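Spelled out, the chains give:
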Amino acid sequence: MAFKRSGSRKLVYKKTLSKHTASKKKRVGKIRKSAFRAVSGIDQEINDGVFSKVQYQVEELDLNNEYNSSTSTFTPKQRGIYSLLASVSFTTITLTPVRMDLEIRVNGVPRISEEENFEPRTGKIDAAGLIPLMARDRVEVFARATGENGTILSGFATRFEGVRIN
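Here we summarise the structure given alongside this text. These numbers come from a predicted model, not from an experiment.

Parameters at a glance
Residues numbered from 1 in each chain as written. Predicted model: local features only at pLDDT ≥ 70, side-chain atom pairs only at ≥ 80, totals over all residues. Heavy atoms only, no water. Helix = DSSP H or I, 4+ residues; strand = E, 2+ residues; numbered from the N terminus. Buried < 20%, exposed > 50% of the residue type's maximum accessible area, 1.4 Å probe, protein only. Contact = heavy atoms within 4.5 Å. Polar contact = N/O pair within 3.5 Å; in protein donor to acceptor, adjacent residues only side chain to side chain.

Let's talk about the environment of Leu 84
Secondary-structure assignment places Leu 84 in strand β9 (residues 80–92). In this structure Leu 84 comes out as buried when scored by relative accessible area, which is 1%. Each C-alpha atom, one on Leu 84 and one on Ile 104, is 8.3 Å from the other, the two residues being 20 residues apart in sequence. In this structure, Leu 84 is in contact with Phe 36, Ile 104, Ile 112, Ala 127, Ala 128, Gly 129, Ile 131, Leu 133, Val 139, Glu 161 and Gly 162, ignoring residues within four places of it in sequence.

Below you can see the structure in the form of structure tokens.
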């Protein structure tokens, strides 16, 4: 720092930088945060024994514009390790035992799955895990009821969310 007198007797502050204090910054590709969350906005019928794509139309969070609520598809813009969770709340018409399968698929291939047997008419199933994803992978959720037709219920219990952790 240096103070210099100008002709009118005012003190003027001038900042001086040496070569050592001014550092060059390397330009590194910007890594944006990635997280999304969507919930189901409508009830969805599923047929006995048939995998159906679960619709999560109500987008609540999308930090990097990677979730498409019209197709219920997450497409990461950057590769990395992601923590994903999908859940489905459902009901059936009768008290028939039902087996529910839930799959998180990457490019059409099941990568995280869960299956459970249910005795009552209603239930909730979720599937979660850590998974490496590449940029532009298509991540979708599918559910199947075996034993009877059912209804996937709308609301916060039917949700799809994820975050890049590395």
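Observations concerning the environment of Ser 40
Along the polypeptide, Ser 40 turns up in strand β3 (residues 35–40). Counting along the chain gives 48 residues from Ser 40 to Val 88, while the straight-line C-alpha distance between them is 9.0 Å. If near-sequence neighbours (up to four positions away) are discounted, Ser 40 is found in contact with Gln 55, Tyr 56, Gln 57, Val 58, Leu 153, Ser 154, Gly 155 and Thr 158. Here the side chain of Ser 40 touches Ile 42 through a polar contact of 2.9 Å, landing on its backbone oxygen. Here the side chain of Ser 40 touches Gln 55 through a polar contact of 3.5 Å, landing on its backbone oxygen.

Such coordinate-based values are descriptive only and should not be taken to indicate function.
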